[in-house]
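# Structural overview for review
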Amino acid sequence: MKIILLGAPGSGKGTLAKKISKDFDIPQISTGDLFRAIVKEDSALGRQVKGIMESGGLVPDEVTIEIVKKRFLDDDCKNGFILDGFPRTVAQAEALEKITNIDSVILVDLAFDTIIERLSARRTCPGCGEIFSALDYKSTQCDKCGATLIQRDDDKPETIKNRLEVYERNTAPLINFYSERLFKVSSDKTPEDTYRPVKTYLESLEA
Ligand code: AMP
């Protein structure tokens, strides 16, 4: 099954992707994670991407599409994948149409003021990628792998605002692009509440 998760940064795509990935045994492809790995390399591309990410802007479409195309070739993608954070522009969506057929597009919906609250409190594990909220998780260590949690640079207030503006301008038009095959879910309650209708929906697609 090939799934796109659409939604603003901080709407809960990553958390939902991890649940789908576990139950349906398909990998989560997060372009944000792919770019964070590239930034860690000391390369010209890494330095370019670092600057863009720190400002909350978007990496150029050509670069992004090439990286995703390459990831699709990996063995674990043969039964499908969950795209988390891609496509983010109409040009990326059009390129994706030419590469593969998507079975389902899930829109994760959350009000911007709740997103700002959640992103400001988000803590990420640099070891295993697990996501926590400082609102309800009081430890500074990851309870899965023990690494010290970090706040992503782009989860700081000045960058959050720009990321949401970029979403409105570049990514929200994809809701219209995919309107014929969109499954919308609200993420304003718990991660389990968000996942329940999605799981039922995906099981119905598999049947
Ligand atoms: P994320 O972890 O999905 O919030 O992504 C973090 C950052 O990576 C974004 O703010 C962008 O700078 C970059 N990025 C991730 N996915 C894309 C994409 N599909 N197109 C362009 N830039 C992206």
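Here, the structure is the one placed above.
Summary of the structure given here. (Residues numbered from 1 in each chain as written. Predicted model: local features only at pLDDT ≥ 70, side-chain atom pairs only at ≥ 80, totals over all residues. Heavy atoms only, no water.)

### Notes on the site of the ligand
Neighbouring the ligand are 16 residues, the closest being Thr-31, Arg-36, Gly-57, Gly-85 and Gln-92. The backbone of Val-59 places a nitrogen or oxygen atom 3.1 Å from a nitrogen atom of the ligand. One of the side-chain N or O atoms of Gln-92 is found 2.9 Å from a nitrogen atom in the ligand. With the chains in place, 96% of the 480 Å² that the ligand exposes on its own is no longer accessible. No other element matches the 4 residues that helix H2 (residues 31-40) contributes to the shell around the ligand. The class makeup of the residues in the shell around the ligand is 5 nonpolar, 6 polar and 5 charged. (Near = heavy atom within 4 Å. Polar contact = N/O pair within 3.5 Å; in protein donor to acceptor, adjacent residues only side chain to side chain. Areas by Shrake-Rupley, 256 points an atom, 1.4 Å probe, with all protein chains shown as cover. Helix = DSSP H or I, 4+ residues; strand = E, 2+ residues; numbered from the N terminus. Nonpolar A, V, L, I, M, F, W, Y, C, P; charged D, E, K, R; others polar.)

### Brief notes about the side chain of Arg-71
With respect to the secondary-structure elements, Arg-71 resides in helix H4 (residues 61-72). In contact with Arg-71, not counting residues within four places along its chain, are Pro-27, Ile-29, Leu-34, Asp-76 and Cys-77. (Contact = heavy atoms within 4.5 Å.)

### Digging into the side chain of Thr-100
Take Thr-100: it is sitting in the loop between helix H5 (90-99) and strand E4 (104-109). The buried category is assigned to Thr-100, whose relative accessible area is 13%. Among the polar contacts made by the side chain of Thr-100, one reaches the side chain of Lys-2 at a distance of 2.7 Å. (Buried < 20%, exposed > 50% of the residue type's maximum accessible area, 1.4 Å probe, protein only.)

### Re the packing of helix H6 (residues 112-121) against helix H7 (residues 157-171)
For the pair H6 and H7, the least separation of the axes is 11 Å and the interaxial angle reads 140°. Taken together, the axes of H6 and H7 are oblique relative to one another. Considering how the two elements wind past one another, H6 and H7 form a crossing that is right-handed. Residues Phe-112, Ile-115, Ile-116, Leu-119 and Ser-120 of H6 form the contact with H7, whose own contacting residues are Ile-160, Arg-163, Leu-164, Tyr-167 and Glu-168. When grouped by side-chain class, the residues that make up the contact of H6 with H7 number 7 nonpolar, 1 polar and 2 charged. (Axes fitted to C-alpha atoms, helices over the stretch in contact; angles between N-to-C directions. Parallel < 35°, antiparallel > 145°, perpendicular 65-115°, else oblique. Left-handed = near helix turned anticlockwise from the far one by under 90°.)

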